[in-house]
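Structure assessment
These are the residues of each chain, in order.
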Amino acid sequence: MDILQLSIKLVIGFLLLFFLIRVIGKKLIDQITPFHFISAIVLSELLGNAVYDENIPVVSIVYTTVIWGGLLFVFEYIAQKSLLFRHFFEGQPTIVIRNGQIDFEQLNKARMNINQLQSLLRQSEIFSIREVAFALVESNGSISVLKKAQYQKTTLEDFNMPPHPVYLPVTLIKDGELIWENLEEINKESDWLKRELSSHGVRGIENVLLAEWLENDGLMVIPHQDHQLEKVK
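Residues numbered from 1 in each chain as written. Predicted model: local features only at pLDDT ≥ 70, side-chain atom pairs only at ≥ 80, totals over all residues. Heavy atoms only, no water.

Turning our attention to the nonpolar core. Among the nonpolar cores identified, the biggest contains 16 residues, and Leu172, Ile173, Leu193, Leu197 and Leu219 are the most heavily contacted of them. For this core, the secondary-structure elements that each account for two or more residues are strand E5 (170-174), helix H8 (190-199), strand E7 (208-214) and strand E8 (218-223). Residues Val96, Leu107, Ile129 and Val137 belong to the second largest nonpolar core, which totals 13 residues. (Core = buried A, V, L, I, M, F, W, Y, C linked by side-chain atoms within 4.5 Å. Buried < 20%, exposed > 50% of the residue type's maximum accessible area, 1.4 Å probe, protein only. Helix = DSSP H or I, 4+ residues; strand = E, 2+ residues; numbered from the N terminus.)

Overall, antiparallel pairing links the four strands, which are arranged E2-E1-E3-E4 in an open sheet. A single partner strand is all that each edge strand has here, and the edge strands are strand E2 (101-102) and strand E4 (143-147). In terms of strand pairing, strand E1 (residues 94-98) meets E2 through two bridges, oriented antiparallel. Each residue of the ladder has a partner; that of Ile97, found in E2, is Ile102. (Pairing = 2+ DSSP bridges.)

Here we take up the sheet that holds strand E6 (residues 177-178). Pairing is antiparallel in the open sheet, where four strands are placed in the order E6-E5-E7-E8. In the strand order of this sheet, the two ends are held by E6 and E8, each with one partner. Strand direction decides the pairing type here: E7 and E8, joined by six bridges, are antiparallel. Each residue of the ladder has a partner; that of Glu212, found in E8, is Met220.

Every α-helix carries 3.6 residues per turn, so stepping three or four residues along brings you back to the same face. By the burial criterion, the buried members of helix H6 (residues 114-123) are Leu117, Leu120 and Leu121. What you see down the axis of H6 is that its buried residues fit within an arc of 100 degrees, all on one side. In H6, the exposed positions that point more than 90 degrees away from the buried face belong to Asn115 and Gln123. Those residues of H6 that are buried are in contact with E1, E2, helix H5 (104-109), strand E3 (132-137) and E4. Residue Asn113 occupies the N-cap position of H6, its side-chain oxygen lying 3.1 Å from the main-chain nitrogen of Asn115. Downstream of H6 by a residue or two, Glu125 has a phi angle that is positive, lying close to 65 degrees. (Arc of directions from axis to C-beta. Contact = heavy atoms within 4.5 Å. Polar contact = N/O pair within 3.5 Å; in protein donor to acceptor, adjacent residues only side chain to side chain.)

Before going further, it helps to examine the confidence of the model for the protein. Across the protein, the average pLDDT comes to 80, with 83% of residues at 70 or higher. Low pLDDT, under 50, characterises residues 229-233; the predicted model gives this stretch two contacts beyond four residues in sequence or across chains. (pLDDT = per-residue confidence, 0-100.)

Okay, a nonpolar patch on the surface next. A cluster of nonpolar side chains, contributed by Val11, Phe14, Leu15 and Phe18, occupies part of the molecular surface with about 440 Å² of accessible area. Note that Phe14 resides in helix H1 (residues 3-30). Looking at Phe14, the relative accessible area reads 56%, which means it is exposed. (Patch = residues over 30% accessible without salt bridge, like charges linked within 9 Å, V, L, I, M, F, W, Y side chains within 5 Å. Areas by Shrake-Rupley, 256 points an atom, 1.4 Å probe, with all protein chains shown as cover. Salt bridge = Lys/Arg side-chain N within 4 Å of Asp/Glu carboxyl O.)

Of the pockets and cavities examined, the second largest pocket occupies roughly 220 Å³. If you trace the second largest pocket, you find it lined by Arg98, Asn99, Phe134, Val166, Tyr167, Leu168, Val170, Glu185, Ile186, Trp213 and Glu215. Split by residue class, the lining of the second largest pocket holds seven nonpolar, one polar and three charged. (1 Å grid on protein atoms, 1.4 Å probe; cavity = no way out; pocket = protein on both sides within 12 Å on 5 of 7 lines; lining within 4 Å. Points joined across faces, edges and corners; volume = space filled by probe spheres on them. Nonpolar A, V, L, I, M, F, W, Y, C, P; charged D, E, K, R; others polar.)

Moving on, we get to the pairing of E5. Side chains on a regular strand alternate between the two faces of the sheet. Counting buried positions along E5 gives four out of five residues, so the element sits mostly inside the fold. In the sheet, E5 pairs with E7 via four bridges, with the strands oriented antiparallel. In the sheet register, Ile173 faces E7, and the bridge partner there is Ala211. Pairing analysis gives two bridges linking E5 to E6, with the strands arranged antiparallel. Within E6, the position partnered with Lys174 by the bridge is Glu177. Between E5 and E6, which pair antiparallel one after the other, the connecting turn spans two residues, and Asp175 there sits at a positive phi close to 55 degrees.

This paragraph deals with the environment of His200. Within the fold, His200 resides in the loop between H8 and E7. For His200, a relative accessible area of 34% translates into the label partly exposed.

Right, dumping it as structure tokens:
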């Protein structure tokens, strides 16, 4: 292959990738999901083959990158607007330990065995399952852990106080959409939720960015930014 042609392809490919990473790359690197992982691999294969194939012109490299990057951008935009679409492509966390007990059914759904679970816990500086109250396997394969009260950094045992139960926060509203199954899980009704939102100065579910329920601590509500601006006005 002509050195000049190869150099031009490498420079153009570098610039296109740099631009693509600037636009949507933060999620590709920081919070990679199976969808993003496959997309990144396919894009690297497309560019790698195109750069070293002398029969593929520079225009084809630009076209391939623009189309693939455009599809990624469109899917990201739709995922931001649609909770259902987001769950379908990004997945949801799986609770593999609940109230200190391993949920083997959910562990199997996550395609994990007990050795892999213990390995992930050790990476979180937890060397015994007995320390864990809740453990969730995130869609990117990482694990999030809520320890039992007596094993948390500032423990109740240090003050000779009896342990108290810990609760997992439950998301009730996300991006203006009510998650009905979570509302049923805490044995609450929509009328109760509307009254709670009203007490927080929010009129409707569609005006809520995030609403989270925690037993013994109540409801936390984060309104959409445009709703906050309306209150200021």
